[in-house]
Every structure is written in structure tokens, then in C-alpha cells.
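# Tertiary structure, described
Spelled out from the first residue to the last, the chains are:
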Amino acid sequence: MTDLTLMTSVSDPSSVLPSLALLSYRIRVLPVDAASMIKMPEHTILFMDARDDMATAKTLCSLIRTSGLRTPIILVINEGGFTVVNTQWGISDVIVSSASPAEVEGRIRLVAERDVMQPTIPDNTALPESNMQATNERIHSGDLMVDLEGYTATLCGKPIDLAYKEFELLKYLVQHPGRVFTRTQLLQEVWGYDYYGGTRTVDVHIRRLRAKLGSEYEQLIGTVRNVGYRFNEQSDEEDNSSSDHNEDENNTK
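An account of the accompanying structure is given in this report. Note that the coordinates shown come from a computational prediction; the quantities given were computed from them, not determined experimentally.

### Some thoughts on the overall build of the protein chain
Within the protein chain, the secondary structure is distributed over seven helices and 13 strands. Sorting the 253 residues of the protein chain into buried and exposed places 42% on the buried side. When contacts within the protein chain are restricted to residue pairs at least 6 apart in sequence, those whose partners lie at least 24 apart make up 55%. Only carbon and sulfur atoms are counted for the fraction: they give 50% of the accessible area of the protein chain, which is about 13,800 Å².

Shown next as C-alpha cells:
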């Protein structure tokens, strides 16, 4: 029988996905925190309760993926959660808490079958050519290195003193080089679904990041006028115009 694990912080686990309790599965219940990762068996399907705290659930899903675990994750949400869930969460499927027993059973079966059929990528598989290099959870772009696992960043071998959200913002941009994100997108992805601050906080953190990168490297974080921000690989210089930088100065003063 398929092994199931439910991560939730509520006192009544049966209220998370009531239909699951009607099926003939033995379910391991663990709290929603990083310590629970070591308590999960190697082969299990994880139901992650994200109904009341989308930000924490997303962080834990990311930790599970960056730790190298291949545990299939089914995210349990309320209908409103669909507006923020995307592939960046690293989940296998998503289900609303009011789903019927037949739907729950079907999703478990499909996720289990996909996990068995998941191909293993050979170590010598060629990667697309890029100036970006990712090794052992570290991303290199020229003189910049971001350690995703150690939550540190260095420039020319010297550590950059970053606050937590500054690192999260830099990490997210570095993971998507060349892709333009609006301030609203960055606010949702970095600060989380339950953050109610304005988009101006993104401009403030961008300004701080550039200051800590220094004048020689501040152009790594580029501005696309009237749209948002992107990470420029170090060899890209055509997008680092002074007009872009001046716009940011106006936005963040």
C-alpha cells in the first residue's frame, strides 16, 4: 500500500483533507517544520497543508527540493491558493481541501505512477550553454557565487553581508537569469502570499542589494523600464544603462 505522510499544524489532522480519512490508508502526521523532513521515510507521498500559511508551506517545499529529497508533494489548499501556486513550488500536484474521496484516490495513484516512471538523468547529460554554472546547490555567475544551501553569497571570494530577505531576493533573481519580474511578482515569490506590504519594499531591497554589490557589480541587477527587475549575467553589459539605474534611484528614494 502507498505510504502517506501529512504535514499540518492543526490539532485535528482529519480536518485538513476530510476525504483522505475515508480512504483505507495509514497516514503519518508530522508538524509543518524542517525537523519533520528527517522523520519522513524514503518512499512516501507527502500531503502538505498550505491552507492557512502559504508562505511557510512554500518555504518547506523549497527546502525539501534543495535537500535532494525526491518525495512527491501534493499541496492541500483552499480555492484562493490557486492564484499563487506555480511550478517554482516544486510540487507534484495540488488539491483543494474539499476534494471528494474519488479525486483524492485518483491523485494519489497518478502521483505514485509518475514517481515510478520518473526518468533518472545521467550524470553526463549535456546542459545548455550559459555563463551561469550551478554545482552542488551553488550558482556561479562570473565573480558572484550564491550558495543556496548555506544561505551565503560571495563576490570575488569575499562574503557579502546580506539580510535574510536580501539574500532571498538575490537568490530568486539569480535562479532566473534574464527573466524580468514585476515588483508584484517578486513580492509574492520572495515575501510570500501572506505579506501585505506594498511593492515599494522591493525597490528598497533592490537598492540595498546594489549598494552591497558595489558600483562595479550593481549592474548585475538590471531594470526594465516600467516593468520590473532582472538578473543580468556578468558578461551582459548592454542592459546596464545609466537611465535604468536613474529610474531605480527615483523609485527607491
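There's plenty left to go through after this.
### Overview of the sheet that holds strand E12 (residues 221-224)
Taken together, the three strands give an open sheet; going across it, the order is E11-E13-E12, and neighbouring strands pair in antiparallel fashion. The open sheet has two free edges, formed respectively by strand E11 (181-182) and E12, since each of these has just one partner strand. Where E12 and strand E13 (residues 228-231) come together, four bridges link them in antiparallel fashion. Bridge assignment links isoleucine 221 to a residue of E13, and that residue is phenylalanine 231. Docked against the sheet, helix H4 (residues 164-174) engages E11, E12 and E13, running at close to 70° with respect to E13.

### Overview of the packing of aromatic side chains
Counted by the stated rule, this structure contains three aromatic pairs. Note on tyrosine 151 and phenylalanine 167: the rings are 5.0 Å apart at their centroids and 35° apart in plane angle, and the pair reads as tilted. Here tyrosine 151, found in the loop between strand E8 (144-147) and strand E9 (152-155), pairs with phenylalanine 167, found in helix H4; they are 16 residues apart in sequence, far enough to count as distant. Here tyrosine 151 falls in the partly exposed class, since its relative accessible area comes to 32%. Relative accessible area serves as the criterion here: at 2%, phenylalanine 167 is assigned to the buried category. With a centroid separation of 5.0 Å and an interplanar angle of 55°, the aromatic rings of tyrosine 172 and phenylalanine 181 are classed as tilted. Overall, tyrosine 172 belongs to the buried group, its relative accessible area being 9%. The structure contains a cluster of three or more aromatic residues connected by ring pairs, namely Tyr151, Tyr164 and Phe167.

### Points about the nonpolar core
Met7, Phe47, Met48, Ile64, Leu75, Val104 and Ile108 are the most contacted members of the largest nonpolar core, which totals 37 residues. Among the secondary structure elements, those contributing two or more residues to this core are strand E1 (4-7), strand E3 (45-49), helix H2 (54-66), strand E4 (73-77), strand E5 (93-96) and helix H3 (101-117). Residues contacting isoleucine 64, with those up to four places away along its chain left out, are Met37, Met40, Leu46, Met48, Leu69 and Ile73.

### Things to note about a nonpolar patch on the surface
Among the surface-exposed residues, Leu63, Tyr151 and Tyr164 lie close enough to one another that they form a single nonpolar patch of about 260 Å² accessible area. The exposure class of tyrosine 164 is partly exposed, given its relative accessible area of 45%.

### Things to note about the sheet that holds strand E2 (residues 27-30)
Reading across from one edge, E2-E1-E3-E4-E5 is the order of the five strands in this open sheet, with parallel pairing throughout. Strands with a single pairing partner mark the edges of an open sheet, and in this sheet they are E2 and E5. Neighbour-to-neighbour, the strand axes of the sheet open up by a mean angle of 25°, direction not taken into account. Pairing geometry for E4 and E5, over four bridges, is parallel. Of the residues in E5, the one forming a bridge with isoleucine 77 is valine 96.

### With respect to the environment of leucine 213
Its place among the elements puts leucine 213 in helix H6 (residues 200-213). When the C-alpha positions of leucine 213 and threonine 154 are compared, they lie 9.5 Å apart, and in sequence the two are 59 residues distant. With near-sequence residues (within four places) excluded, leucine 213 lies in contact with Leu155, Ile160, Glu218, Leu220 and Ile221.

Each value, and the rule that gives it
- Residues numbered from 1 in each chain as written.
- Predicted model: local features only at pLDDT ≥ 70, side-chain atom pairs only at ≥ 80, totals over all residues.
- Heavy atoms only, no water.
- Helix = DSSP H or I, 4+ residues; strand = E, 2+ residues; numbered from the N terminus.
- Buried < 20%, exposed > 50% of the residue type's maximum accessible area, 1.4 Å probe, protein only.
- Contact = heavy atoms within 4.5 Å.
- Areas by Shrake-Rupley, 256 points an atom, 1.4 Å probe, with all protein chains shown as cover.
- Pairing = 2+ DSSP bridges.
- Axes fitted to C-alpha atoms, helices over the stretch in contact; angles between N-to-C directions.
- Phe/Tyr/Trp six-rings, centres within 6.5 Å; stacked < 30°, edge-to-face > 60°.
- Core = buried A, V, L, I, M, F, W, Y, C linked by side-chain atoms within 4.5 Å.
- Patch = residues over 30% accessible without salt bridge, like charges linked within 9 Å, V, L, I, M, F, W, Y side chains within 5 Å.
- Salt bridge = Lys/Arg side-chain N within 4 Å of Asp/Glu carboxyl O.

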